[in-house]
Amino acid sequence: MSAKAPRWPEGVARHALASVDSTNAYASSLAPGLTGPAWVIAGEQTAGRGRRGRGWSSPRGNFYGSLVMQPDGAPDRAALRSFIAALALHQTCVALTGLPQSFTLKWPNDVLLNGGKLAGILLESAGQGGRIGHLVIGIGVNLIAAPTVDQVEPGAVPPVSLLGETGLRVTPEMFLDHLAPAFAGWEAEFVAHGFAPIRSAWLAQAARLGETIRARTGTQERHGIFETIDDTGALVLNMNGMREAIPAAEVFF
Ligand SMILES: O=C(O)CCCC[C@@H]1SC[C@@H]2NC(=O)N[C@@H]21
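Residues numbered from 1 in each chain as written. Predicted model: local features only at pLDDT ≥ 70, side-chain atom pairs only at ≥ 80, totals over all residues. Heavy atoms only, no water.

Taking an unreviewed UniProt entry as the reference, the protein chain is identified by name as biotin--[biotin carboxyl-carrier protein] ligase belonging to Gemmobacter denitrificans.

Next up, the structure:
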C-alpha cells in the first residue's frame, strides 16, 4: 500500500494537537493571525461537530483535520471548496490504499468506501457584507473506527472505517501528508480554471449518478434520477422529465 507522500505545499502551516474540542473551532481561532492557509489536526476531539448541527464521534486513531484559509471571492464560490476537499480526500484514499474502484463521492460532500460512509466534510465560514473573512474546511475520516448504525440517522449510509473495510492502518499524520498536497493541487486547478474541471472530476467519482435517489430539504422530500451537478454545485434531479436544481439537501439512497 501507501505511496510516498508528495511534498508539503509551500506556504501552508501545520499544527498538530493532542486533543481539542473541535479542529474547526481551533482553526477558526487562528484566522486573525493568518499569513497563509493552515492545517490543524488533533488526536481526538471532545466536541467534534458534524453537518446539520449533529456531533461527530471523535475517538483516538481517526483523522480530524481542518484547513483554514482566506479565499477571494463571494461566499457561493468559496463554498465550492467542499468539492475540492472531496476530490482531495478521494485522491488521498486511493493513493494510500491502491483501491480506486472502492471509493466514491456522495453529494454534497461525503466519501464512501464500499458504499459505506468513510469521511465527512463540514464547511464553516465567517465574514461581513457578502464577503468571506475566513473559511474553515473540516474533515473527519474513520481511519480505524466507525460509529455503529444506531448512532447515525435512520436511513443514513452506514458508517465504515478504513481498517474495517481494507485491513490497512493509516495514521492521521500519514493521512494529512497526502491530503494537504492533494488539496493544494485541486485548489490550484480551481484558481486557474474555475469550477468546470472540479465538477467533471467530481462527477467521474459520483455515487448513484443516473440512479433514483431521495433528497430531503427540511420537511420536503423529492425522488428523482440524479442527473448531474450544475455549475453552482447544486444537485440536479430529474423527476418524471421535470428537472430541478437543489442547492442544499440531505441525500438518501
Ligand atoms: O457531518 C459530516 O459528515 C461532517 C463531519 C465533519 C467532521 C470534522 S472532524 C474535523 C472537523 N472538526 C469538527 O468539529 N468537525 C470536522
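**Student:** What's the story with the overall build of the protein chain in this structure? I'm lost.
**Tutor:** The helix and strand tally for the protein chain stands at six helices and twelve strands. A globule of 253 residues ought to have a C-alpha radius of gyration of about 18 Å, and the protein chain, at 17 Å, matches this closely. Over its C-alpha atoms, taken along the principal directions, the protein chain stretches across nearly 50 × 45 × 30 Å. Looking at the protein chain residue by residue over its 253 residues, the buried ones come to 48%. (Helix = DSSP H or I, 4+ residues; strand = E, 2+ residues; numbered from the N terminus. Rg over C-alpha atoms; globule rule 2.2 N^0.38 Å. Buried < 20%, exposed > 50% of the residue type's maximum accessible area, 1.4 Å probe, protein only.)

**Student:** Explain the side chain of Asn 238 to me, please; I cannot follow it from the model alone.
**Tutor:** Tracing the backbone shows Asn 238 in strand E10 (residues 235-239). Taking the relative accessible area as the measure of exposure, Asn 238 reaches 16% and is therefore buried. A polar side-chain atom of Asn 238 sits 2.6 Å from a polar atom in the side chain of Glu 227. For Asn 238, the side chain forms a polar contact with the main-chain nitrogen of Gly 241, separated by 2.8 Å. Filtering out sequence-adjacent residues up to four positions away, Asn 238 remains in contact with Gly 224, Ile 225, Glu 227 and Arg 243. (Polar contact = N/O pair within 3.5 Å; in protein donor to acceptor, adjacent residues only side chain to side chain. Contact = heavy atoms within 4.5 Å.)

**Student:** Got a minute to help me understand the site of the ligand in this structure?
**Tutor:** The full set close to the ligand counts 20 residues, and Ser 22, Gln 45, Arg 49, Arg 51 and Lys 117 are the nearest of them. A distance of 2.9 Å is found between a nitrogen atom of the ligand and a side-chain nitrogen or oxygen belonging to Gln 45. One nitrogen or oxygen atom from the side chain of Lys 117 is found 2.6 Å from an oxygen atom belonging to the ligand. Computed on the free molecule, the ligand has an accessible area of 410 Å², of which 98% lies beneath the protein chains in the complex. Those elements that place two or more of their residues in the shell around the ligand are helix H1 (23-30), strand E3 (63-69), strand E6 (116-128) and strand E7 (131-141). In terms of residue count, the dominant contributor to the shell around the ligand is E6 (four residues). Considered class by class, the residues forming the shell around the ligand number five nonpolar, eleven polar and four charged. (Near = heavy atom within 4 Å. Areas by Shrake-Rupley, 256 points an atom, 1.4 Å probe, with all protein chains shown as cover. Nonpolar A, V, L, I, M, F, W, Y, C, P; charged D, E, K, R; others polar.)

**Student:** I would appreciate a short explanation of the domain arrangement of the protein chain in the present structure.
**Tutor:** A common way to report how large an interface is uses the accessible area buried once the components associate. When its domains are assigned, the protein chain resolves into domain 1 (13-204) and domain 2 (212-252). Note on domain 1 versus domain 2: buried area summed over both sides is about 1200 Å², and carbon and sulfur give 56% of it. Three residues stand out in domain 1 for area buried against domain 2, namely Arg 52, Trp 107 and Arg 199, and they jointly supply 47% of the buried area on that side. For the pair domain 1 and domain 2, the interface holds four salt bridges. The salt bridge partner of Arg 216 is Glu 153, with a shortest N-O separation of 3.2 Å. Inspection of the region where domain 1 meets domain 2 yields seven residue pairs in polar contact (both at pLDDT 80 or more). In terms of residue count, helix H6 (residues 195-204) provides more of the side of domain 1 that touches domain 2 than any other element does, four residues in total. (Domains from an automatic or database assignment. Buried area = accessible area lost by both parts, 1.4 Å probe. Salt bridge = Lys/Arg side-chain N within 4 Å of Asp/Glu carboxyl O.)

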